[in-house]
Amino acid sequence: MPTTSIVYAEDLVPGARNAIRSCLRVQPQEHVTVITDRETENIAASLVDQVHEVGASCELHVLEDYGARPMIAMPAPVLEALERSQVSIFAAQPQTGELPSRIQMTDVVNRRKMRHAHMVYISHRIMIEGMRADFGEVDAISTRVFERAKKATTIRARSAAGSNLEATFSPDIRWLKTSGIISPEKWANLPAGEVLTSPARVDGVYVVDGILGDYLSARFGDLEATPLTVTIENSRLVDARCSRPDVLRDFLAYTSQEENSNRVGEFALGTNVAVRSVIGNILQDEKLPGLHIAFGHPYSEHTGATWTCRTHLD
(Lines give C-alpha, C1' and ligand atoms only; values in the text may rest on other atoms or scores of the structure.)
Protein backbone atom coordinates (compact mmCIF):
# COMPACT_ATOMS: atom_id res chain seq x y z
CA MET A 1 0.00 0.00 0.00
CA PRO A 2 1.23 3.58 -0.72
CA THR A 3 2.81 5.29 2.28
CA THR A 4 2.56 8.83 0.91
CA SER A 5 -0.59 10.89 0.40
CA ILE A 6 0.37 11.74 -3.18
CA VAL A 7 -1.54 9.91 -5.91
CA TYR A 8 0.50 8.49 -8.77
CA ALA A 9 -0.06 6.18 -11.73
CA GLU A 10 0.39 2.47 -11.10
CA ASP A 11 2.65 2.11 -14.13
CA LEU A 12 5.33 4.14 -12.30
CA VAL A 13 5.85 1.29 -9.84
CA PRO A 14 8.08 -1.06 -11.93
CA GLY A 15 10.55 1.73 -12.73
CA ALA A 16 10.54 2.97 -9.14
CA ARG A 17 11.12 -0.55 -7.85
CA ASN A 18 14.00 -0.93 -10.30
CA ALA A 19 15.56 2.30 -9.01
CA ILE A 20 15.36 1.37 -5.34
CA ARG A 21 16.04 -2.37 -5.46
CA SER A 22 18.19 -2.99 -8.57
CA CYS A 23 20.07 0.30 -9.00
CA LEU A 24 20.49 1.76 -5.52
CA ARG A 25 20.10 -1.57 -3.66
CA VAL A 26 18.64 0.16 -0.61
CA GLN A 27 18.95 -1.87 2.59
CA PRO A 28 16.44 -1.88 5.50
CA GLN A 29 18.90 -0.28 7.94
CA GLU A 30 19.65 2.69 5.64
CA HIS A 31 18.25 6.21 5.50
CA VAL A 32 17.30 7.77 2.15
CA THR A 33 16.81 11.42 1.19
CA VAL A 34 14.64 12.17 -1.85
CA ILE A 35 14.77 15.70 -3.30
CA THR A 36 12.04 16.72 -5.74
CA ASP A 37 9.83 19.59 -6.92
CA ARG A 38 6.11 20.13 -7.34
CA GLU A 39 6.16 19.07 -10.99
CA THR A 40 7.83 15.74 -10.21
CA GLU A 41 6.19 15.01 -6.86
CA ASN A 42 4.20 12.02 -8.13
CA ILE A 43 7.33 10.24 -9.39
CA ALA A 44 9.12 11.05 -6.13
CA ALA A 45 6.20 9.58 -4.21
CA SER A 46 6.51 6.30 -6.12
CA LEU A 47 10.20 6.19 -5.17
CA VAL A 48 9.49 6.96 -1.50
CA ASP A 49 6.95 4.14 -1.34
CA GLN A 50 9.49 1.69 -2.75
CA VAL A 51 12.02 2.78 -0.12
CA HIS A 52 9.44 2.00 2.55
CA GLU A 53 8.68 -1.32 0.84
CA VAL A 54 12.23 -2.50 1.54
CA GLY A 55 11.95 -1.36 5.16
CA ALA A 56 14.29 1.65 5.00
CA SER A 57 13.58 5.11 6.42
CA CYS A 58 13.09 8.04 4.06
CA GLU A 59 12.51 11.77 4.01
CA LEU A 60 11.11 13.77 1.10
CA HIS A 61 12.15 17.38 0.43
CA VAL A 62 10.23 19.50 -2.08
CA LEU A 63 12.33 22.42 -3.33
CA GLU A 64 9.44 24.89 -3.53
CA ASP A 65 8.85 24.41 0.20
CA TYR A 66 12.08 26.36 0.77
CA GLY A 67 11.65 29.29 -1.60
CA ALA A 68 11.16 30.48 -5.15
CA ARG A 69 12.67 28.84 -8.20
CA PRO A 70 15.16 29.01 -9.78
CA MET A 71 17.08 28.06 -6.66
CA ILE A 72 20.77 28.89 -7.03
CA ALA A 73 21.71 27.44 -3.61
CA MET A 74 20.57 24.12 -2.21
CA PRO A 75 18.47 24.74 0.95
CA ALA A 76 20.29 24.06 4.21
CA PRO A 77 17.72 21.48 5.45
CA VAL A 78 18.30 19.45 2.28
CA LEU A 79 22.09 19.50 2.75
CA GLU A 80 21.61 18.54 6.40
CA ALA A 81 19.42 15.62 5.34
CA LEU A 82 22.14 14.38 3.00
CA GLU A 83 24.61 14.43 5.89
CA ARG A 84 22.54 11.83 7.76
CA SER A 85 21.74 9.60 4.74
CA GLN A 86 23.47 6.73 3.04
CA VAL A 87 21.42 7.01 -0.17
CA SER A 88 19.96 10.00 -2.01
CA ILE A 89 17.82 10.70 -5.06
CA PHE A 90 17.37 13.97 -6.95
CA ALA A 91 14.19 13.66 -9.03
CA ALA A 92 13.19 17.10 -10.32
CA GLN A 93 12.95 19.42 -13.31
CA PRO A 94 15.93 21.82 -13.15
CA GLN A 95 15.58 25.45 -14.06
CA THR A 96 17.96 27.93 -15.67
CA GLY A 97 20.79 28.87 -13.31
CA GLU A 98 20.29 26.02 -10.84
CA LEU A 99 23.42 24.02 -11.69
CA PRO A 100 25.39 25.54 -8.75
CA SER A 101 22.79 24.21 -6.30
CA ARG A 102 23.07 20.72 -7.75
CA ILE A 103 26.87 20.95 -7.51
CA GLN A 104 26.46 21.78 -3.80
CA MET A 105 24.40 18.62 -3.48
CA THR A 106 26.84 16.37 -5.33
CA ASP A 107 29.75 17.83 -3.33
CA VAL A 108 28.15 16.31 -0.22
CA VAL A 109 27.44 13.07 -2.09
CA ASN A 110 31.06 12.81 -3.27
CA ARG A 111 32.55 13.66 0.12
CA ARG A 112 30.39 11.16 1.99
CA LYS A 113 30.60 8.52 -0.77
CA MET A 114 26.84 8.12 -0.91
CA ARG A 115 24.92 6.08 -3.44
CA HIS A 116 23.11 8.82 -5.35
CA ALA A 117 20.63 8.59 -8.22
CA HIS A 118 20.48 11.75 -10.32
CA MET A 119 17.08 11.82 -12.05
CA VAL A 120 17.17 15.28 -13.61
CA TYR A 121 14.27 15.82 -16.04
CA ILE A 122 12.75 12.48 -15.06
CA SER A 123 9.36 12.00 -16.72
CA HIS A 124 6.51 9.52 -16.80
CA ARG A 125 7.69 8.26 -20.20
CA ILE A 126 11.23 7.68 -18.95
CA MET A 127 9.90 5.80 -15.93
CA ILE A 128 8.08 3.37 -18.21
CA GLU A 129 10.87 3.11 -20.80
CA GLY A 130 14.50 3.59 -19.75
CA MET A 131 13.82 2.89 -16.07
CA ARG A 132 12.35 -0.50 -16.94
CA ALA A 133 15.63 -1.69 -18.44
CA ASP A 134 17.21 -4.91 -17.26
CA PHE A 135 20.11 -3.16 -15.54
CA GLY A 136 21.93 -6.44 -15.11
CA GLU A 137 22.08 -6.67 -18.92
CA VAL A 138 23.00 -2.99 -19.22
CA ASP A 139 25.81 -3.54 -16.71
CA ALA A 140 27.14 -6.53 -18.67
CA ILE A 141 27.17 -4.52 -21.93
CA SER A 142 28.70 -1.51 -20.19
CA THR A 143 31.45 -3.66 -18.73
CA ARG A 144 32.40 -4.99 -22.17
CA VAL A 145 32.45 -1.47 -23.63
CA PHE A 146 34.42 -0.16 -20.64
CA GLU A 147 37.09 -2.86 -20.92
CA ARG A 148 37.61 -2.07 -24.59
CA ALA A 149 37.41 1.72 -24.34
CA LYS A 150 39.88 2.10 -21.48
CA LYS A 151 42.61 0.56 -23.67
CA ALA A 152 42.01 2.96 -26.56
CA THR A 153 44.46 5.70 -27.44
CA THR A 154 42.27 6.99 -30.31
CA ILE A 155 38.60 6.67 -31.19
CA ARG A 156 37.18 7.81 -34.52
CA ALA A 157 33.46 8.36 -34.91
CA ARG A 158 31.28 9.06 -37.94
CA SER A 159 27.53 9.31 -38.42
CA ALA A 160 25.12 9.37 -41.34
CA ALA A 161 24.21 12.94 -40.33
CA GLY A 162 27.77 14.12 -41.02
CA SER A 163 29.69 13.77 -37.77
CA ASN A 164 33.38 13.04 -38.29
CA LEU A 165 35.39 13.15 -35.07
CA GLU A 166 38.71 11.94 -33.78
CA ALA A 167 39.37 11.80 -30.05
CA THR A 168 42.59 10.88 -28.27
CA PHE A 169 42.90 9.78 -24.66
CA SER A 170 45.45 10.03 -21.87
CA PRO A 171 46.30 6.98 -19.73
CA ASP A 172 46.25 9.33 -16.74
CA ILE A 173 42.52 10.08 -17.16
CA ARG A 174 40.09 7.42 -16.00
CA TRP A 175 37.15 5.95 -17.92
CA LEU A 176 33.95 5.60 -15.89
CA LYS A 177 31.12 3.10 -16.17
CA THR A 178 27.62 4.14 -15.10
CA SER A 179 25.42 1.17 -15.85
CA GLY A 180 22.61 1.64 -13.36
CA ILE A 181 24.23 -0.38 -10.59
CA ILE A 182 25.15 2.58 -8.39
CA SER A 183 28.12 2.36 -6.04
CA PRO A 184 29.54 4.75 -3.42
CA GLU A 185 32.43 5.47 -5.78
CA LYS A 186 30.41 7.39 -8.38
CA TRP A 187 26.91 8.80 -8.29
CA ALA A 188 24.99 8.22 -11.51
CA ASN A 189 22.08 9.34 -13.59
CA LEU A 190 18.99 7.15 -13.75
CA PRO A 191 18.13 5.78 -16.16
CA ALA A 192 21.76 4.84 -16.61
CA GLY A 193 23.83 3.22 -19.28
CA GLU A 194 26.99 4.94 -20.47
CA VAL A 195 30.77 4.64 -20.46
CA LEU A 196 32.58 7.97 -20.39
CA THR A 197 35.81 9.84 -19.88
CA SER A 198 37.36 13.25 -20.38
CA PRO A 199 39.29 13.13 -23.68
CA ALA A 200 42.80 14.51 -24.03
CA ARG A 201 41.89 16.03 -27.38
CA VAL A 202 38.97 16.12 -29.82
CA ASP A 203 38.99 17.39 -33.41
CA GLY A 204 36.42 17.36 -36.17
CA VAL A 205 32.75 17.95 -36.85
CA TYR A 206 29.95 16.86 -34.56
CA VAL A 207 26.33 17.00 -35.76
CA VAL A 208 23.80 17.32 -32.93
CA ASP A 209 20.79 15.67 -34.55
CA GLY A 210 19.43 14.50 -31.20
CA ILE A 211 19.28 16.60 -28.07
CA LEU A 212 21.02 19.40 -26.15
CA GLY A 213 21.38 19.10 -22.38
CA ASP A 214 20.72 21.08 -19.21
CA TYR A 215 17.77 23.50 -19.55
CA LEU A 216 18.14 23.56 -23.36
CA SER A 217 16.73 20.02 -23.40
CA ALA A 218 13.25 21.17 -22.38
CA ARG A 219 13.52 24.34 -24.45
CA PHE A 220 14.31 22.75 -27.82
CA GLY A 221 13.66 19.00 -27.63
CA ASP A 222 14.65 16.74 -30.53
CA LEU A 223 16.81 18.54 -33.12
CA GLU A 224 16.63 15.89 -35.84
CA ALA A 225 14.78 18.19 -38.27
CA THR A 226 17.08 21.18 -37.57
CA PRO A 227 20.46 19.79 -36.47
CA LEU A 228 23.20 21.87 -34.91
CA THR A 229 26.62 21.36 -36.50
CA VAL A 230 29.69 22.21 -34.43
CA THR A 231 33.35 22.30 -35.43
CA ILE A 232 35.92 21.40 -32.79
CA GLU A 233 39.67 22.06 -32.90
CA ASN A 234 41.97 20.93 -30.09
CA SER A 235 38.89 20.27 -27.93
CA ARG A 236 37.54 23.82 -28.35
CA LEU A 237 34.37 24.90 -30.10
CA VAL A 238 35.45 27.05 -33.06
CA ASP A 239 32.27 27.19 -35.17
CA ALA A 240 28.57 26.36 -34.93
CA ARG A 241 25.79 26.39 -37.52
CA CYS A 242 22.06 25.78 -37.27
CA SER A 243 19.02 26.77 -39.34
CA ARG A 244 17.26 27.79 -36.11
CA PRO A 245 18.65 31.12 -34.83
CA ASP A 246 17.26 30.52 -31.32
CA VAL A 247 19.06 27.19 -30.97
CA LEU A 248 22.32 28.69 -32.22
CA ARG A 249 22.00 31.77 -29.99
CA ASP A 250 21.31 29.81 -26.80
CA PHE A 251 23.96 27.18 -27.54
CA LEU A 252 26.63 29.84 -28.09
CA ALA A 253 25.51 31.72 -24.98
CA TYR A 254 25.77 28.58 -22.88
CA THR A 255 29.20 27.65 -24.18
CA SER A 256 30.51 31.20 -23.62
CA GLN A 257 29.80 31.46 -19.90
CA GLU A 258 33.27 30.50 -18.64
CA GLU A 259 36.77 29.94 -19.97
CA ASN A 260 36.20 26.19 -20.31
CA SER A 261 32.51 26.22 -21.23
CA ASN A 262 33.49 25.69 -24.89
CA ARG A 263 35.95 22.86 -24.16
CA VAL A 264 34.99 19.21 -24.67
CA GLY A 265 34.96 17.71 -21.20
CA GLU A 266 33.13 14.44 -21.81
CA PHE A 267 33.27 11.72 -24.43
CA ALA A 268 30.60 9.09 -23.79
CA LEU A 269 29.18 5.90 -25.26
CA GLY A 270 25.55 5.04 -24.50
CA THR A 271 24.82 1.46 -23.43
CA ASN A 272 21.15 1.28 -22.39
CA VAL A 273 19.62 -1.11 -24.92
CA ALA A 274 16.12 -0.39 -23.61
CA VAL A 275 16.42 3.09 -25.14
CA ARG A 276 15.61 2.81 -28.84
CA SER A 277 15.00 6.37 -30.05
CA VAL A 278 15.42 10.03 -29.11
CA ILE A 279 12.46 11.34 -27.10
CA GLY A 280 13.68 14.91 -26.56
CA ASN A 281 14.82 14.45 -22.95
CA ILE A 282 18.55 14.42 -22.20
CA LEU A 283 18.24 12.18 -19.14
CA GLN A 284 17.20 9.23 -21.28
CA ASP A 285 18.48 10.25 -24.71
CA GLU A 286 22.16 10.35 -23.70
CA LYS A 287 21.90 6.65 -22.78
CA LEU A 288 20.92 5.72 -26.35
CA PRO A 289 23.58 3.35 -27.77
CA GLY A 290 25.91 5.63 -29.73
CA LEU A 291 28.16 8.61 -29.05
CA HIS A 292 27.57 11.88 -27.25
CA ILE A 293 29.92 14.58 -26.04
CA ALA A 294 29.65 17.43 -23.56
CA PHE A 295 31.20 20.87 -23.41
CA GLY A 296 32.32 21.97 -19.95
CA HIS A 297 32.93 20.19 -16.66
CA PRO A 298 35.04 17.03 -17.21
CA TYR A 299 33.91 15.31 -13.99
CA SER A 300 37.48 15.90 -12.80
CA GLU A 301 36.60 14.60 -9.33
CA HIS A 302 36.11 11.16 -10.92
CA THR A 303 38.10 11.16 -14.17
CA GLY A 304 41.21 12.85 -12.79
CA ALA A 305 41.09 15.64 -15.39
CA THR A 306 43.23 18.61 -14.35
CA TRP A 307 40.73 21.35 -15.19
CA THR A 308 37.20 22.22 -14.14
CA CYS A 309 34.17 24.22 -15.24
CA ARG A 310 30.88 25.19 -13.61
CA THR A 311 28.88 24.48 -16.77
CA HIS A 312 28.24 21.16 -18.52
CA LEU A 313 26.26 20.80 -21.75
CA ASP A 314 25.70 17.34 -23.24
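Here's a quick rundown of the structure. Just so it is clear, the structure is predicted and the values come from calculations on it, not from any experiment.

With that out of the way, let us pick up the overall build of the chain. For the chain, the helix and strand inventory stands at 10 helices and 15 strands. Scaling as 2.2 N^0.38, a compact globule of 314 residues should have a C-alpha radius of gyration of about 20 Å, and the chain matches this with 19 Å. Principal-axis analysis of the C-alpha atoms places the extent of the chain at approximately 55 × 40 × 35 Å. Looking at the chain residue by residue over its 314 residues, the buried ones come to 58%. For the chain, the share of sequence-separated contacts (at least 6 apart) that also reach a separation of at least 24 residues comes to 73%. If you sum the accessible surface of the chain, you get close to 13200 Å²; carbon and sulfur atoms cover 49% of it. Side chains of the chain give 32 positive and 40 negative charges; the mean places of these two sets differ by 5 Å.

The subject of this paragraph is the sheet that holds strand S10 (residues 201–208). Taken in spatial order, the 5 strands line up as S5-S6-S10-S11-S12 in an open sheet, and their pairing is antiparallel. One side of each edge strand has no neighbouring strand; the edge strands of this open sheet are strand S5 (154–158) and strand S12 (236–242). When strand polarity is set aside, the average angle formed by the axes of neighbouring strands in this sheet is 20°. The pairing of S10 with strand S11 (residues 228–233) spans 5 bridges and is classified as antiparallel. Paired with Val-208 across the strands is Leu-228, a residue of S11. Its contacts with the sheet put helix H8 (residues 245–254) on S11 and S12, and the angle it makes with S12 is roughly 165°.

All right, on to H8 then. Turning to H8, its buried residues are Val-247, Asp-250, Phe-251 and Tyr-254. When H8 is viewed along its axis, its buried side chains cluster within an angular range of 100° and face the same direction. Seen from the buried face of H8, the exposed residues on the opposite side, beyond 90 degrees, are Pro-245 and Arg-249. Those residues of H8 that are buried lie in contact with helix H4 (99–112), helix H7 (216–220), S11, S12, strand S14 (290–296) and strand S15 (312–313).

Time to look at the pairing of S12. In this structure, S11 lies alongside S12, joined through 6 bridges in antiparallel fashion. Its bridge partner being in S12, Val-230 is matched across the sheet by Ala-240. Adjacent in sequence and paired antiparallel, S11 and S12 are bridged by 2 residues, among which Asn-234 carries a positive phi angle near 50°.

Contact geometry for helix H3 (residues 76–83) and H4: axes closest at 10 Å, N-to-C directions at 15°. Here H4 runs roughly parallel to H3, going by the angle between their axes. The hand of the H3/H4 crossing is right-handed. Residues Leu-79, Leu-82 and Glu-83 of H3 pack against Gln-104, Met-105, Val-108, Arg-111 and Arg-112 of H4. A per-class count over the contact of H3 with H4 returns 4 nonpolar, 1 polar and 3 charged.

The next subject is unusual backbone geometry. In this structure, the amide linkage connecting Arg-69 to the following residue, Pro-70, adopts the cis form with an omega of 0°. With respect to the helices, strands and loops of the structure, Pro-70 is situated in the loop between strand S2 (57–62) and H3. Here the residue pair Leu-190 and Pro-191 is connected by a cis peptide bond, since its omega of 0° sits within 30 degrees of zero. Relative to the assigned elements, Pro-191 resides in the loop between strand S8 (188–189) and strand S9 (194–197). A positive phi angle, close to 50°, is found at Tyr-299, a residue other than glycine.

Along the chain, Asn-272 turns up in the loop between strand S13 (264–270) and helix H9 (282–285). A polar atom in the side chain of Asn-272 sits 3.0 Å from the backbone nitrogen of Ala-274. Every residue in contact with Asn-272, bar those within four places of it in the chain, is listed here: Gly-130, Ala-133, Phe-135, Val-138, Pro-191, Ala-192, Gly-193, Lys-287 and Pro-289.

Summed over the entire model, instances satisfying the criterion amount to 22 salt bridges. The shortest N-O distance in the salt bridge between Asp-37 and Arg-69 comes to 3.4 Å. Of this pair, Asp-37 sits in the loop between strand S1 (31–36) and helix H2 (41–53) while Arg-69 is found in the loop between S2 and H3, placing the two residues 32 residues apart along the sequence. Residues Asp-37 and Arg-69 agree in their burial class; the two are buried. Connected through salt bridges with shared partners, the residues Asp-37, Glu-64, Arg-69 and Glu-98 form a single ionic network.

Glancing now at H3. All of the buried residues in H3 are Val-78, Leu-79, Ala-81 and Leu-82. Around the axis of H3, the buried residues are gathered within 155° of arc, so they sit on the same side. As for H3, its buried residues are in contact with S1, S2, strand S3 (87–92) and H4.

About the thresholds
Residues numbered from 1 in each chain as written. Predicted model: local features only at pLDDT ≥ 70, side-chain atom pairs only at ≥ 80, totals over all residues. Heavy atoms only, no water. Helix = DSSP H or I, 4+ residues; strand = E, 2+ residues; numbered from the N terminus. Rg over C-alpha atoms; globule rule 2.2 N^0.38 Å. Buried < 20%, exposed > 50% of the residue type's maximum accessible area, 1.4 Å probe, protein only. Contact = heavy atoms within 4.5 Å. Areas by Shrake-Rupley, 256 points an atom, 1.4 Å probe, with all protein chains shown as cover. Lys, Arg positive; Asp, Glu negative; His and termini not counted. Charge placed at Lys NZ, Arg CZ, Asp CG, Glu CD. Pairing = 2+ DSSP bridges. Axes fitted to C-alpha atoms, helices over the stretch in contact; angles between N-to-C directions. Arc of directions from axis to C-beta. Parallel < 35°, antiparallel > 145°, perpendicular 65-115°, else oblique. Left-handed = near helix turned anticlockwise from the far one by under 90°. Nonpolar A, V, L, I, M, F, W, Y, C, P; charged D, E, K, R; others polar. Polar contact = N/O pair within 3.5 Å; in protein donor to acceptor, adjacent residues only side chain to side chain. Salt bridge = Lys/Arg side-chain N within 4 Å of Asp/Glu carboxyl O.

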